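What the coordinates show
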Amino acid sequence: MARKKLSFEEAMKRLEEIVSHLEKGDIPLEESIRLFEEGSGLLALCSSQLEEAEQKVSLLRRGDDDETEEIPFEE
């Protein structure tokens, strides 16, 4: 069954739920492994979405000639 693409916020919420379940340590091993695999996929999705957002972000700055120039976002 195909899953809809989760938003960043939805993926983070689900990831937090998974971490909470795993931290409790009261679920069977097979379920823990399944949750770990789901969490790994969500982590990859969130990382990809963050990288995509970072590429879209740019800072605008006025140059000496009063022209606006686009500066790529950097950490």
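What this report covers is the structure whose coordinates are included nearby. (Residues numbered from 1 in each chain as written. Predicted model: local features only at pLDDT ≥ 70, side-chain atom pairs only at ≥ 80, totals over all residues. Heavy atoms only, no water.)

Some remarks on the nonpolar core
Burial of nonpolar side chains together is a common tendency in soluble globular proteins. What counts is decided by this rule: To define a nonpolar core, start from buried Ala, Val, Leu, Ile, Met, Phe, Trp, Tyr and Cys residues and group those joined through side-chain atoms within 4.5 Å. We call a residue buried when its accessible area falls under 20% of the maximum for its residue type, exposed when it is over 50%, and partly exposed in between, using a 1.4 Å probe and counting protein chains only. A run of H or I in DSSP counts as a helix once it spans at least four residues, and a run of E counts as a strand once it spans at least two, with each numbered from the N terminus. In this analysis, two residues are considered to be in contact whenever any of their non-hydrogen atoms come within 4.5 Å of each other.
Judged by nonpolar contacts, Leu6, Ala11, Leu15, Ile18, Leu35, Leu42 and Cys46 together constitute the single largest core of seven residues. Where this core is concerned, the elements lending two or more residues are α1 (8-24) and α2 (29-56). Apart from the residues within four sequence positions on either side, Leu35 is in contact with Arg14, Ile18, His21, Leu22 and Ile27.

Overview of α1
Basically, it comes down to this: Given a helix with a known number of residues, its expected span is that number minus one, times 1.5 Å. Along the arc lie the directions from the helix axis toward the C-beta atoms.
Taking 1.5 Å of rise per residue, the 17 residues of α1 would be expected to cover 24 Å, and the 25 Å separating its terminal C-alpha atoms lies within 8% of that figure. Those residues of α1 that fall on the buried side of the exposure criterion are Ala11, Leu15 and Ile18. Angularly, the buried residues of α1 cover 60 degrees about the axis, an arc narrow enough to put them on a single face. The outward face of α1, more than 90 degrees from its buried face, is lined by the exposed residues Glu9, Lys13, Glu16, Glu23 and Lys24. Of the surrounding elements, those touching the buried residues of α1 are α2.

Points about the packing of α1 against α2
The criterion, for reference: To get an axis, fit a line to the C-alpha atoms, keeping to the stretch in contact for a helix; angles then go from 0 to 180 degrees between the N-to-C directions. In this scheme, roughly parallel covers angles under 35 degrees and roughly antiparallel covers those over 145, while 65 to 115 is roughly perpendicular and the rest are oblique. Note: crossing handedness is left-handed where the near helix turns anticlockwise from the far helix by less than a right angle, and right-handed where it turns clockwise. Residues are grouped as follows: Ala, Val, Leu, Ile, Met, Phe, Trp, Tyr, Cys and Pro are nonpolar; Asp, Glu, Lys and Arg are charged; all remaining types, including Gly, are polar.
Packing of α1 against α2 brings their axes to within 9 Å, and their N-to-C directions diverge by 150 degrees. What the angle tells us is that α1 and α2 run roughly antiparallel. Regarding α1 and α2, the two cross each other, and that crossing is left-handed. On α2, the residues touching Phe8, Ala11, Met12, Arg14, Leu15, Ile18, His21 and Leu22 of α1 are Ser32, Arg34, Leu35, Phe36, Glu38, Gly39, Leu42, Leu43, Leu45, Cys46, Gln49 and Leu50. Per-class residue counts for the contact of α1 with α2 are 13 nonpolar, four polar and three charged.

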